[in-house]
Amino acid sequence: MGILDKLFGGNKDYPPLPEDNEAQAQLGELRALLEDLARRAPDRLEVVPAEHEAFVFLGKPPRSFGIAWIHDGKVSSLKELAEENKLSQIQVGKLIGKLGLAYEHASQTPRFSTEVCGKQAVVTPSKGPVQEVRQIIEGAIR
């Protein structure tokens, strides 16, 4: 990604997610929920799939983004997680900061593209980012 892309939030073209990649099966399991999210979210999607769940960065991480967690047959937004777990604005701010750092930690992880409801999405099929994001979220909602 060029310096202007970094400064102005340009999108990079990633190769298509290979059909034989484990992430294809993980996305397939969550396809209906992911498609529903893609229809509702006007922003760019970056999906970090895992077994039976996925974390979806929305917008332009690591600076301006939201996150959704697809798990247990539902999609939880950051707002819902904060409300359900009675997180203060300060706690939410810290959570967002940690999630932004987790995104940056995964910056060298290979990324691919896939289509979800006619929308191009980025897929980061790696256990490292999944574990870090899961730990951050679980640590915040305990």
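See the structure above.
The sections below set out a description of the structure shown in this document. (Residues numbered from 1 in each chain as written. Predicted model: local features only at pLDDT ≥ 70, side-chain atom pairs only at ≥ 80, totals over all residues. Heavy atoms only, no water.)

**Topic: the overall build of the chain**
- Helix and strand content of the chain: six helices and six strands.
- Order of helices (α) and strands (β) in the chain, N terminus to C terminus: α-α-α-β-β-β-β-α-α-β-β-α.
- On C-alpha atoms alone, the chain measures out to a radius of gyration of 14 Å, which is about the 14 Å that the 2.2 N^0.38 rule sets for 142 residues.
- Its C-alpha atoms give the chain principal-axis dimensions of about 40 × 35 × 25 Å.
- Considering the chain as a whole, with its 142 residues, one finds that 42% of them fall into the buried category.
- For the chain, restricting intrachain contacts to residue pairs at least 6 apart in sequence, the fraction spanning at least 24 positions comes to 52%. (Helix = DSSP H or I, 4+ residues; strand = E, 2+ residues; numbered from the N terminus. Rg over C-alpha atoms; globule rule 2.2 N^0.38 Å. Buried < 20%, exposed > 50% of the residue type's maximum accessible area, 1.4 Å probe, protein only. Contact = heavy atoms within 4.5 Å.)

**Here's the deal with the pairing of strand β1 (residues 45-50)**
- With six of six residues buried, β1 is to be regarded as a mostly interior element.
- Because side chains alternate across β1, one face comprises the buried residues Leu45, Val47 and Pro49, and the other comprises Glu46, Val48 and Ala50, equally buried.
- In this sheet, strand β2 (residues 53-60) lies alongside β1 in antiparallel orientation, the contact comprising six bridges. Residue pairing in the sheet places Pro49 in a bridge with Ala54 of β2.
- Once β1 ends, the chain turns through two residues before running back antiparallel as β2, passing His52 with a positive phi of about 65 degrees.
- The pairing of β1 with strand β6 (residues 119-123) spans three bridges and is classified as parallel. Bridging from a neighbouring strand, Glu46 pairs with Val122 of β6. (Pairing = 2+ DSSP bridges.)

**Here's the deal with the side chain of Thr114**
- Considering the arrangement of structural elements, one finds Thr114 in strand β5 (residues 112-116).
- We classify Thr114 as buried; its relative accessible area is 13%.

**Details of helix α5 (residues 89-105)**
- Here α5 spans 24 Å end to end across 17 residues, near enough to the 24 Å set by a 1.5 Å rise per residue.
- Within the sequence span of α5, burial applies to Val92, Leu95, Leu99, Gly100, Ala102 and Tyr103. Along the axis of α5, the buried positions cluster into a sector of 160 degrees, meaning they face one direction only. Facing away from the buried side of α5 by more than 90 degrees, the exposed set consists of Ile90, Lys94 and His105.
- Considering only its buried residues, α5 is in contact with β1, β2, β3 (64-71), α4 (78-84) and α6 (127-141). (Expected span 1.5 Å × (residues − 1). Arc of directions from axis to C-beta.)

**Regarding the pairing of β2**
- β2 sits mainly inside the fold: seven of its eight residues count as buried.
- In this sheet, β3 lies alongside β2 in antiparallel orientation, the contact comprising seven bridges. Its bridge partner being in β3, Leu58 is matched across the sheet by Gly66.
- In this antiparallel pair of consecutive strands, β2 and β3, the connection spans three residues.

**Some thoughts on the sheet that holds strand β4 (residues 74-77)**
- Reading across the sheet, the six strands line up as β4-β3-β2-β1-β6-β5 and stay open at both edges, with mixed pairing between neighbours. Looking at the sheet topology across the chains shown, the edges are occupied by β4 and β5. Neighbour-to-neighbour, the strand axes of this sheet turn through a mean angle of 30 degrees, independent of strand direction.
- Contacts from helix α2 (residues 22-29) reach β1, β5 and β6, with the element oriented near 100 degrees to β1. (Axes fitted to C-alpha atoms, helices over the stretch in contact; angles between N-to-C directions.)

Just geometry here; none of it tells us what the structure is for.
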